[in-house]
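# Structural overview
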Amino acid sequence: MASNPYVPAVRRPVPALLALSAAISLSGCAYEPEIERPGAASGDSAPPAPAASTGPVSSAPTFTPDGCPVDDPAMCEQAAFLANALVLSESDAVFDLSRRVSWSCDELQRKLFPQCEDRDRLAGYVIGNHRGEFFVDTPADYRDALGFFVEAVDEEYSDELGGPQMQILGISSCGEGPGASYQVVYLVGLGDPESTLPADRFLGTYELTKAKGEWAVGATYVGLLTDWELVLDDPLSEIACGDIRPWVGTAANLNPPQSESQPTPIPATGSS
């Protein structure tokens, strides 16, 4: 079994730390998450998979709280909002659903937070990588990151898992009780619009955590699928806390073409 720093990092630090504090504004970063842009991966690309005739529900913006596989209506409302925003490539909506944090480095596991090497406090939005390291972005940098992770879908990308569109695989539950968190898991083909390098397949999650009675994205984890394969035997089933459950009435189709469903508006949630 491959070494797996990601799962313990997700299951323990972030939910526990959110109980210590919540609210952020970040100063400039000396470190950046080591998340490679498309084209940086080594090895040959797999040949495109043959297209099917219709796309799956899991890649169309039709997620509702009623179909959420978790028995928590408030969390499911936010998860459905998030899933629809991702499928519609609405990075501003994802930003609005994200929670800012402010943490003292004395309360953190420093080996998981490299920025604590030269500062006493981290404030901003949390991004994690496949090695289980966490970085805290300024609001502006986080918006830029979401602009890539959410909006840079390369319409010409294709691999053995299908086309480029955002595929919501389901929700992974982490922990139980007041400290539980839930991760919306997705696949997407992204390409840097400012680069001539080819696009790549990305796998990631958005972790919904509860603080002061409100559910919001407490951290996002993202990386090339090939990077996740370095630390997980089967990233598509083991990422986050495993046990990835799809929305009721949907199935994670890992070989779809672009969905033929018509987009529907993101439902109002009252989130800030």
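Higher on the page you've got the structure.
Calculation criteria
- Residues numbered from 1 in each chain as written.
- Predicted model: local features only at pLDDT ≥ 70, side-chain atom pairs only at ≥ 80, totals over all residues.
- Heavy atoms only, no water.
- Salt bridge = Lys/Arg side-chain N within 4 Å of Asp/Glu carboxyl O.
- Helix = DSSP H or I, 4+ residues; strand = E, 2+ residues; numbered from the N terminus.
- Buried < 20%, exposed > 50% of the residue type's maximum accessible area, 1.4 Å probe, protein only.
- Disulfide = S-S within 2.5 Å.
- Phe/Tyr/Trp six-rings, centres within 6.5 Å; stacked < 30°, edge-to-face > 60°.
- Core = buried A, V, L, I, M, F, W, Y, C linked by side-chain atoms within 4.5 Å.
- Contact = heavy atoms within 4.5 Å.
- Pairing = 2+ DSSP bridges.
- Expected span 1.5 Å × (residues − 1).

## Topic: the pattern of salt bridges
- Tallied over the entire structure, the rule returns 5 salt bridges.
- In this structure, the salt-bridge partner of Arg110 is Asp106, at a minimum N-O distance of 3.2 Å.
- Here Arg201 ties to Asp159 by a salt bridge, and the two come within 2.7 Å at their closest N and O atoms. Of the two residues, Arg201 sits in strand β6 (residues 200-211) while Asp159 sits in the loop between α5 (139-151) and β4 (167-174), which places them 42 residues apart along the sequence. Like Asp159, Arg201 is buried.

## Some words on the state of the cysteines
- Tallied over the entire structure, the rule returns 3 disulfides.
- Disulfide pairing places Cys68 opposite Cys76 at an S-S distance of 2.2 Å. Because the torsion about its S-S bond is -65 degrees, the bridge between Cys68 and Cys76 counts as left-handed.
- Residue Cys68 is classed as buried on the basis of its relative accessible area of 8%.
- Cys76 gets classed as buried once you look at its relative accessible area, which sits at 1%.
- Here Cys105 connects covalently by a disulfide to Cys116, the sulfurs 2.1 Å from one another. The chirality of the disulfide connecting Cys105 with Cys116 is left-handed, given an S-S dihedral of about -85 degrees. With Cys105 in the loop between β1 (101-104) and β2 (121-128) and Cys116 in the loop between β1 and β2, this pair connects stretches of sequence that are 11 residues apart.

## Digging into the packing of aromatic side chains
- With the rule as written, the count across this model stands at 11 aromatic pairs.
- On the numbers, 5.7 Å between centres and 90 degrees between planes, the contact of Trp103 with Phe113 is edge-to-face. Separated by 10 residues along the polypeptide, Trp103 in strand β1 and Phe113 in the loop between β1 and β2 bring together distant segments of the chain.
- An angle of 80 degrees between the planes, with centres 5.9 Å apart, marks the rings of Phe148 and Phe202 as edge-to-face. Highlighted residues: Phe148 in helix α5 and Phe202 in strand β6, separated in sequence by 54 residues.
- The exposure class of Phe202 is buried, given its relative accessible area of 0%.
- Feature note: the residues Trp103, Phe113, Phe134 and Tyr221 constitute an aromatic cluster, connected by ring pairs.

## Observations regarding the environment of Asp96
- Inspection of the secondary structure puts Asp96 in helix α4 (residues 91-96).
- On a C-alpha basis, the gap between Asp96 and Arg143 in space is 10.0 Å, while along the polypeptide they are 47 residues apart.

## Some details on the nonpolar core
- If you look at the biggest cluster of nonpolar residues, it comprises 44 residues, and the most contacted ones within it are Met75, Leu86, Ile168, Ile171, Tyr206 and Trp247.
- When contributions to this core are tallied by element, the ones reaching two or more residues are α3 (73-87), α4, β2, α5, β4, β5 (181-190), β6 and β7 (214-224).
- In terms of residues, this core owes the most to one element, α3, which gives 10 residues.
- Apart from the residues within four sequence positions on either side, Ile171 is in contact with Cys68, Pro69, Val70, Met75, Ala79, Tyr182, Gln183, Val184, Asp243, Ile244, Arg245 and Trp247.

## Considering the pairing of β5
- Of all 10 residues in β5, 10 are buried, a share of seventy percent or more.
- Burial of β5 is two-sided: the residues Ser181, Gln183, Val185, Leu187 and Gly189 facing one way and the residues Tyr182, Val184, Tyr186, Val188 and Leu190 facing the other way are all buried.
- Following β4, the chain reverses through 6 residues before pairing antiparallel with β5; Gly175 in that reversal takes a positive phi of roughly 80 degrees.
- Relative to β6, β5 is paired through 9 bridges, and the arrangement is antiparallel. By the bridge assignment for β6, Gly189 is matched with Arg201.

## Structural notes on α5
- For α5, with 13 residues, the first-to-last C-alpha span of 17 Å sits near the 18 Å given by 1.5 Å per residue.
- Of all the positions in α5, only Tyr142, Ala145, Leu146, Phe148, Phe149 and Val150 are classed as buried.

## Points about unusual backbone geometry
- Backbone geometry places Ala240, a non-glycine residue, at a positive phi of 60 degrees.
- The residue Asp243 is not glycine, and still its phi comes out positive at about 50 degrees.
- Along the chain, the position of Asp243 falls in the segment after α7 (235-238).

No statement about biological role is implied by the geometric values presented.
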